[in-house]
Amino acid sequence: MSIHGKTMLPYIVRKVFEIQHKLYQQQIRACSTGRLQEALKIEEEQEFPKINEIKQPEESSFYYPVDKKFKHDPDIGEQFSYSQLRVRLAGPHQLQPKPEADDLQFGKLFTDHMFKVAYHKRLGGWQVPEIMPLENLVLHPAAKVLHYAVELFEGMKAFRGVDGRIRLFRPEMNMARMNASAQRSGLPTFEPEEFVKCISRLVSIDQEWVPHTESASLYIRPTLIGIEPTLGVASSESALLYTILSPVGGYFAGNSGTSTGVSLLADPQYTRSWPGGVGDRKMGSNYAPTIHVQKEASKQGFQQVLWLYGDDHQLTEVGTMNIFVLLINDRGERELVTPPLNGLILPGIVRHSILNLAREWNQVKVTERKITMAEVKKLVYENRVLEMFGAGTACVVSPIERIFYMNENLLIPTMENSDAVWRTMRNTLLDIQYGRVKHPWAIEID
Amino acid sequence: MIMNIGAVRQSRGLLGYIFTTSMRSTNAMQSNKKFSTTTSTSTTSSTSKDNELIKKSVFISQSYDIFTNLAIEDWIYRNYDLKNHHILMLWVNNPCVVIGRHQNPFSEANVFGLKSAGIELARRNSGGGTVYHDRNNLNCTFFTPRDRYDRKYNLNLISRAIYREYGIDTEISERDDILLHGKKVSGTAAKLGHPNAYHHCTLLVDCNKNNLKSALTRNEKEEIISKATASVRSPIKNLADVNKNVNVQQLLTAIGYEFLRTPADKLCDGGRELVMQQRGFQLINPTEKWFPGLNELRENLNSWEWKYGKTPKFTVSTTIELKTNDECHNSMKVCVDVEKGIIQKIDLILKGSSEVMPIVSSLIGQPYDENNFEKIVNALKSVSTENVKSVYENGL
């Protein structure tokens, strides 16, 4: 039981003296509200609802099967392949002028081309894939996507490396996740490798939309929608798989978003996902209900929402990112904690990468387990929370500075460490993505 | 002109991987060296299999500023990896005069006059002669690795495009000009470096010939002796002279498609099949934030030191007729030596005499231009012959 070779005892004694008064105050508050008392209860045993089979992911395996060839439904029909791909390049008059690089806000501007492939069960399955100049979609008003949100999407990025080569970051994982979402939505699945090749071609054509600096990237948005024009709540027999690209500078408007931490609103009245639901799939229907909540948070001056679940206010996700907490545990060790993939959590690719890196690094204990607001609050009072950060494709790592929970501001000292884990993670991932380090996770597209 | 050479730092990082961090080097050669382990090294001879891998892009510049366009041309030349990627850049400028790297602007145009007319003067990086650009002139730059540099291929490609689109027959002369009915519609220049090279040329679509003529006119009375590259003046023609439908927008589309449908190693038609495999057309916004390092290149190109300071040493002289009291006409020659764009000395030589008389003037050490020269000449004109003669005879 030691931190950097020193024994725990003097540390514990000092900490106890420091926070004694805080503990006392906490006791008083606990007595005043029954509900709060319940929330502050810290369980000995880590029990959480076992709805799905909880797979403790091994170092290399992902939540969804990545390595094995994907097993499609038997009646899916033909698959599309990259060799069938037809390309219609935009002529000079169809090109969008490029704005000032500063004006590249997330998701506002799109590139000149898009990828589309249709699926019709009646016509044998997947049709011929095509790349063409960006154009509007034409849908029948009864198209299922418009009524029952039969839609799923992915988010990934392409980076222009320091050597000028374009790289994708672990695209096979997005493909696996997308196929799993498709199955759950009654939409057709596809061959992951073929789709990645088509995406690579699209990125290659529009790669000049990425500024030649070292902080810009191309956000890739593959989308699958059900377009069958019938109102029955059933599998869509027709679908459209398309991809659009958006050049991005930093994620949060203006700067890179990591010079200051973000502030979160944690309100237990809102639930993002629930056992037996689709919180672990990237479906559009998960996001629409969060918009209002985000608006509420912004009105109150907070940047993101911290999603809680259950009577014990488990931390699940922050905004559209997975959450990590670096704390000092009861044994005095530094522990990196993130909620487990129990069905409530979207299995993030950055999340998975960080867990792998942290385990390889072996400087902190890495645990995937439930963590509640009560625990966080207690640890904050004891100065045992070192860092908290969100992890996602859009901004890689987003440090958290403050959480507003039950009328109280919890200050997290994430930005105060010079040797921070979040910074190391972010820099390592960026180095891999931009080709500063040769790593199998970053795949060159040419 | 210069670029930060990247410093390479190696350290054991998070996972024991060797980190190679570097400043973003704007030298293409540097980047190729550092990361060549991951890519196959290019062979000097190109096989047809290699050529299948070559993807072509057509970059269309969003800027009409000559200095910005010359800067982005330089940026691409220095920074892009062209091993499997050939680029054709198409650009148009606001009215300007562009001289070759080793030319004397004062031999080619009335520099002071250009300034007053609001026409920019630029010195490009490649050699060759002087051209006048305006919005009805199309510039084409072909970027390739040095070993695949081929001027004839490029010019023939343009010729094919013009024929395919408009049915106009052009020929390529020995001097690499594109000729229409024997007159020039295009001028060519190139820069060969390591590992990249480029060949650029102009195309007169519907240029204003009067403006061209007056921009490229200088005072013939001023005789210039220098070792600078002299332009070879030729009669010119616009493509629109033979076909009124020719315009820049349509022409650049035609040349772009011809570039994309032609295989890199052969002048034949690959058709839509081949176009489909290319990277296609791209608009480029040549600003610092899109291309870090661009501003420095542009500032250099627009600096006095580059435009005028790089002028090879020259002497400009003119003959002044002297009026004497005794109706005896005499003349003197005034010579101004200019080096690095600065007036070094002013000499006076009386006709019939071999003596050279230096003039003291506040203009020595000042930048040369025609206006300054005129001032010197006018000042000397007001001095009567008698004075001059007496100075000669009696000494100073």
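What you see is a predicted model, and the numbers here were worked out from it, not measured in a lab.

**Student:** Let's hear about the interface of chain A and chain B: which residues, and what values?
**Tutor:** The interface is formed by 46 residues belonging to chain A together with 36 residues belonging to chain B. At the boundary of chain A and chain B, one finds 15 residue pairs in polar contact (both at pLDDT 80 or more).

**Student:** Which residues make up helix α9 (residues 421-433) of chain A, and what are the values?
**Tutor:** Residues and elements named next belong to chain A. Between its terminal C-alpha atoms α9 stretches 18 Å, which fits the 18 Å expected from 13 residues at 1.5 Å a residue. Where burial is concerned, most of α9 is hidden: 10 out of the 13 residues are buried. Val 421, Trp 422, Met 425, Arg 426, Thr 428, Leu 429, Leu 430, Asp 431, Ile 432 and Gln 433 are the residues of α9 that are buried. Residue Gly 435 follows α9 closely and has a positive phi angle near 75°.

**Student:** If you had to explain the packing of aromatic side chains to someone new, which residues and values would you point to?
**Tutor:** Enumeration over the complete set of coordinates arrives at 26 aromatic pairs over all chains. Both rings, one in Tyr 63 of chain A and one in Tyr 64 of chain A, keep their centres 4.9 Å apart while their planes meet at 75°; by these two values the pair is edge-to-face. The pair Tyr 63 of chain A / Tyr 64 of chain A is uniform in exposure class, with both members buried. On the basis of an interplanar angle of 65° and a centroid distance of 5.8 Å, the ring pair of Phe 59 of chain B and Tyr 80 of chain B is categorised as edge-to-face. Of the two residues, Phe 59 of chain B sits in strand β3 (residues 55-61) while Tyr 80 of chain B sits in the loop between α3 (66-79) and β4 (85-91), which places them 21 residues apart along the sequence. Exposure remark for Phe 59 of chain B: the relative accessible area of 0% places this residue in the buried category. A cation sits over an aromatic face here: Lys 56 of chain B above Phe 259 of chain B, 4.3 Å from the ring centre.

**Student:** Summarise the environment of Ala 161 of chain B; cite the residues concerned and give the values.
**Tutor:** Residue and element names in this part refer to chain B. Position of Ala 161 among the secondary structure elements: in helix α6 (residues 151-166). When the C-alpha positions of Ala 161 and Cys 96 are compared, they lie 26 Å apart, and in sequence the two are 65 residues distant. Residue contacts for Ala 161: discarding those within four places in its chain leaves Ala 254, Ile 255 and Glu 258.

**Student:** Talk me through the pairing of strand β12 (residues 262-266) of chain A; I want residue IDs and the actual numbers.
**Tutor:** Working note: regular strand, side chains alternate between the two faces of the sheet. All names here are of chain A. Counting buried positions over the five residues of β12 gives five, a clear majority of the element. In the sheet, β12 pairs with strand β19 (residues 396-405) via five bridges, with the strands oriented parallel. In the sheet register, Val 262 faces β19, and the bridge partner there is Ile 400. As paired strands, β12 and strand β13 (residues 304-309) are joined by three bridges and run parallel to one another. Across the sheet, Leu 264 pairs through a bridge with Gln 304, a residue of β13. For the crossover from β12 across helix α6 (residues 288-299) to β13, the handedness is right-handed.

**Student:** So what's going on with the UniProt feature "modified residue: N6-(pyridoxal phosphate)lysine" (unreviewed entry) in chain A? Which residues, and what values?
**Tutor:** Residues and elements named next belong to chain A. As recorded in UniProt, the sites labelled "modified residue: N6-(pyridoxal phosphate)lysine" (unreviewed entry) are Lys 282. By the secondary structure assignment, Lys 282 is in the loop between β12 and α6. Owing to a relative accessible area of 9%, Lys 282 belongs among the buried residues under this scheme. The residues contacting Lys 282, other than those within four sequence positions of it, are Leu 152, Phe 153, Glu 154, Gly 155, Arg 177, Ser 181, Tyr 287 and Leu 346.

Rules and cut-offs
Note that residues are indexed from 1 along each chain, following the sequence as it is written. Written order determines the labels here, with chains lettered from A and ligands numbered from 1. Side-chain atom pairs in this predicted model are given and counted only at pLDDT of 80 or more, local residue features only at pLDDT of at least 70, and totals for whole chains, interfaces and linings cover all residues. Excluding hydrogens and water, the side-chain values take into account all heavy atoms of the structure. Every residue pair with non-hydrogen atoms within 4.5 Å of one another is taken to be in contact. For this analysis, a polar contact is any N or O atom pair within 3.5 Å, provided that within protein one partner can donate a hydrogen and the other can accept it, and provided that sequence-adjacent residues contribute only side-chain to side-chain pairs. Strands here mean DSSP runs of E at least two residues long; helices mean DSSP runs of H or I at least four residues long; both are numbered from the N terminus. An expected span of 1.5 Å times one less than the residue number is assigned to each helix. Note on classification: 1.4 Å probe, protein chains only; a residue is buried when its accessible area is under 20% of the maximum for its type, exposed when over 50%, partly exposed between these limits. Stacked, tilted and edge-to-face pairs are distinguished by plane angle, under 30 degrees for stacked and over 60 for edge-to-face with tilted covering the rest, among Phe, Tyr and Trp rings (Trp via its six-membered ring) whose centres lie within 6.5 Å. Charges are assigned to positions over rings by a cutoff of 6 Å between ring centre and Lys NZ or Arg CZ, combined with an angular limit of 35 degrees from the ring normal. DSSP calls a pair of strands paired once it identifies at least 2 bridges connecting them. A clockwise path from the first strand over the helix to the second, with the strands pointing away from the viewer, defines a right-handed crossover. UniProt positions are given in the numbering used here, feature names are shortened, and annotations may be inferred rather than shown by experiment.

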